[in-house]
Amino acid sequence: MRTLLAAMGLLVFSSLPFLSFAQSTSPPMATCASASCASDQTIASPNQSGATEVTDDASPETIVVTASRLAQPADNALAQTTSFDAKTIAASSAIDLPSLLPFATGAQIIRNGGIGAANSFYLRGAGTTQTLVLMDGVRLDSASLGNAQLSQLMLDEVERIEVVNGNVSALYGSNAVGGVVQIFTKQGKPSSAKPEFATEYGSFHTQRHHAAISGSFDAAGSTTFHLGYTRLLTDGFSALNPRKVPNANPDAHGFNNTNLSLALKHQFNADWEAGLRFYESQGIFTFNNAYGSPTDINRANNRLRVFSTFLNGQLNQRWLTQLLAASSEDYSTNFLNNTFNSRFNATNYQFSWQNEFALSDLQKVLFGYEHLAQRLESDVYAAPTREVDSSFAGYQTEFGSHQFQFNLRRDQYSDFGIAHSYYAGYGYALDKHWKLITNVSNAFRAPSFNDLYYPDYGNPTLRPERSHSAEVAVQYTSPTFGILRLTAFQTYYRDLIESVQVAPGIYHAQNVGRAKIQGLETSLTSHLLKNEIRFTATAQNPVDQQRGAILPRRARHFAALSVSRPVAGWHIGGEWLVSGARDDSGSKLGGYGLINLKARYNLSKTCYIVARVENLFNKQYELAYAYQTPQRSAYVMFGWQPH
């Protein structure tokens, strides 16, 4: 209790603008939908003359697109949605995606060591392969692993992140069982070229250097650009605990990462725009092998590369169309004692055509088509190309106090056949502040190539995992307070793909599992008395019905809190992360609570200095059995940005 009170005291009197409800720019087009929308809008109300004005009761709101593939205010999303804008990301203590995600509602991250290490992500108790990760609408999941390399995703070039909880396969297809994480990269804005840079040094001999420039090529601002570069180097620490794993190499395990981001966009007129985006993250990480020799040196060279082109346009006043052609590459090459060991090069080729048709100001129809081709090159095993053709449709409307959202999707796979998904949501506004919400949905996960073809493990006869979910929520919204939401959810899983022992020391992938996850989620984003507050708490019961046990690594209770405020020319902020006990590898991992602090001071109109401390009280804890976690660490950054 004393630790909790101390944490609350530190957080209430801390600051940095963790949340920003007012957005700085509006997209040039009449509307902004789907993954191509990479900037936020403000919502205005029409006055009697037909012009638009922002009223006291309709203050600027955060716009989200992932929950329905259509742009809507965050408080109008029927699915539980967490949004991190650029100011929130910059003000947090996170430098990579796994460090930020625990502040999303219902999310847990399990990291096998320090930054750059392999990690597991659980959203509403769903596993890593059961949550889809997108970047600007492009799938990042590896065809071999079935999930994205979250450890390669640094935040310097990220403009916004949206996390949607619950089954949304009806919107995005396979893997969207627990939900969707969508990353929006930084884009240029109509202005003169503006450079910026920052450099940071800290514990574990960490250094991070970032430089970027963005603006427009012409005075009219019709052609915009953004170019960003980040380099991160850290010595890290020994990941495995030698007392529990004596065969592990006790040396520290460092991480060397380089990020490059490029965005170009041309505005032909008020209705049409086109552009391209490029993102690449290259990381070199050394890691432990629990079954190797204490002198072994294991190294992974990883690369995540995303390239996309898009065309957005208004066919008429009611019809918006969007075309996206993209590829995402997930390359991993492993070395043992500086000798080549294995290679997995997975590529997704994606084409998407989305259409939004407004039947009226409050009625929208969504329809479109997607094609996905997944390929794998590896010296470990061969896999055929997977082709997926998908069609989707949706309907969204409001009338009076009622709000509806319906979505249907049909996915046809070349290797296992057809999957159908649906989503049905309903909201009822009790008054201008309170809303009741309910939705039902289903989802599926296609087996990964490792599940199907990995030598002595894969099973080509596997069926997709399936799930059905239902939830009810009550939400309070106020322009002067923020958004408070309480959600009760329940998800049933069948045909879970699990590793089953078929002979001593031999395991095969089989459809044997059933699971049920029930829980309560609370989320709050608020700005009371100059305090910017983000709070989330989850109580859940993730049960493996096949074994009658709690699903491994999932905590039954966990929470996260961040609070910030300006104090005498400073912006100081604090974060509190707490988790209950978890089961892993037959062992019970104890609960923990962590405190992070951060402060920023503007030396001038363009120069600033930032200091942050992580794990302030030097808490000793485990996220995964036998894996060590960072001790107390401190970092200082100096930066320059245009006024």
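Quick look at the structure, then. Note that this is a predicted model, so its numbers are computed, not measured. (Residues numbered from 1 in each chain as written. Predicted model: local features only at pLDDT ≥ 70, side-chain atom pairs only at ≥ 80, totals over all residues. Heavy atoms only, no water.)

On to the pattern of salt bridges. Under the defined criterion, the tally for this structure stands at 30 salt bridges. In this structure, Arg343 engages Glu377 in a salt bridge whose closest nitrogen and oxygen atoms are separated by 3.9 Å. In this pair, Arg343 is assigned in strand E19 (residues 339-360) and Glu377 in strand E20 (residues 363-378), connecting sequence segments 34 residues apart. Taking the shortest distance from any N to any O, the salt bridge between Asp415 and Arg386 comes out at 2.8 Å. Residue Asp415 is located in the loop between strand E22 (402-413) and strand E23 (417-429), and its partner Arg386 is located in strand E21 (residues 386-399); the two are separated by 29 residues in the primary sequence. According to the relative accessible area criterion, Asp415 is partly exposed, its value standing at 33%. Bridged by salt links that share partners, the residues Asp156, Glu200, Arg208, Arg612 and Glu614 form one connected network. (Salt bridge = Lys/Arg side-chain N within 4 Å of Asp/Glu carboxyl O. Helix = DSSP H or I, 4+ residues; strand = E, 2+ residues; numbered from the N terminus. Buried < 20%, exposed > 50% of the residue type's maximum accessible area, 1.4 Å probe, protein only.)

The subject of this paragraph is the environment of Ala170. Mapped onto the elements of the fold, Ala170 is located in helix H4 (residues 169-172). For Ala170, a relative accessible area of 1% gives the class buried. The spacing of Ala170 and Ser421 is 251 residues in sequence and 4.6 Å in space, taken between C-alpha atoms.

So, on to the sheet that holds strand E8 (residues 131-135). Each strand in a sheet pairs with another by means of backbone hydrogen bonds, the pair being arranged parallel or else antiparallel. An order of E5-E10-E11-E8-E9 is seen for the five strands of this open sheet, with the pairing classed as mixed. Every interior strand has two partners, whereas the edge strands, strand E5 (81-84) and strand E9 (138-139), have only one. As judged from the four bridges shared by E5 and strand E10 (residues 158-165), these two strands associate in the antiparallel manner. Residue Thr81 lies in a different strand from E10, and its bridge partner there is Val164. (Pairing = 2+ DSSP bridges.)

Our focus in this paragraph is the nonpolar core. In terms of nonpolar packing, the biggest core is built from 40 residues, with Leu150, Leu153 and Ile161 touching the most fellow members. Contacts of Leu153, omitting those with residues within four sequence positions, involve Asp96, Leu97, Met135, Leu140, Ile183, Tyr279 and Leu304. Membership of the second largest hydrophobic core comes to 17 residues, among which are Val64, Val168, Val180 and Ile437. (Core = buried A, V, L, I, M, F, W, Y, C linked by side-chain atoms within 4.5 Å. Contact = heavy atoms within 4.5 Å.)

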